[in-house]
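These are the residues of each chain, in order.
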Amino acid sequence: MGECQTIINKIARLRDRDDGCISCDKPPTWDGQWHGSHFRSVGAASAVRFNLWNVHKACSVCNNHKSGNLIEYRPRLIAKIGAEKVEWLMAQNQITRYDVDYLKRFKEVMGKKLKRMEKRA
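Attention here is on the structure that accompanies the text. Quick caveat, the model's predicted, so the values are computed rather than measured.

## Quick notes on the overall build of the protein
- The helix and strand inventory of the protein stands at five helices and two strands.
- Starting at the N terminus and ending at the C terminus, the protein contains elements arranged as α-β-β-α-α-α-α.
- By the compact-globule yardstick of 14 Å for 121 residues, the protein fits well, its C-alpha radius of gyration being 14 Å.
- Each principal axis of the C-alpha atoms in the protein carries an extent, and together these give about 40 × 35 × 25 Å.

## Regarding the nonpolar core
- Ranked by internal contacts, the top residues of the largest apolar core, which has 15 residues, are Cys21, Phe39, Cys59, Leu77 and Leu89.
- Of all the elements in the fold, those that place two or more residues in this core are β2 (55-59), α3 (70-81) and α4 (83-91).
- The biggest single contributor to this core is α3, with three residues.
- What cysteine 59 contacts, discounting residues up to four positions off in sequence, is Cys21, Cys24, Lys26, Trp30, Gln33 and Trp34.

## Considering the environment of cysteine 62
- Mapping cysteine 62 onto the fold places it in helix α2 (residues 60-65).
- Accessibility expressed as a relative area gives 1% for cysteine 62, which makes it buried.
- For the pair cysteine 62 and cysteine 21, spaced 41 residues apart in the sequence, the C-alpha separation amounts to 8.2 Å.
- Residues contacting cysteine 62, with those up to four places away along its chain left out, are Cys21, Ser23, Cys24, Ser67, Gly68 and Asn69.

Cut-offs and rules
Residues numbered from 1 in each chain as written. Predicted model: local features only at pLDDT ≥ 70, side-chain atom pairs only at ≥ 80, totals over all residues. Heavy atoms only, no water. Helix = DSSP H or I, 4+ residues; strand = E, 2+ residues; numbered from the N terminus. Rg over C-alpha atoms; globule rule 2.2 N^0.38 Å. Core = buried A, V, L, I, M, F, W, Y, C linked by side-chain atoms within 4.5 Å. Buried < 20%, exposed > 50% of the residue type's maximum accessible area, 1.4 Å probe, protein only. Contact = heavy atoms within 4.5 Å.

Spelled out as structure tokens, the structure:
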């Protein structure tokens, strides 16, 4: 599970490499640590844990010390992906348990995607 989460966070950070923090005004040139921040928390919405609509580049200050800074995250996410997708994310409240076969396949497929993205970057 942790390896899959690491992969998806790296993909989100690489996808958003030219963007600043999704939750504040820190520019992409900020020298601090960048995270893959979940709009819907893993505990509240495990079904979208690995969904890239739900994971975006954020500064460590917002992600760790401000719990994602969701008051600012939401309007910026709407501007980025659209209100319909954000509403869909908000409706995903089911608990999902990922089995080992799913996680292995996810790691294989998304790991290849990450490697392709890293080569292009």
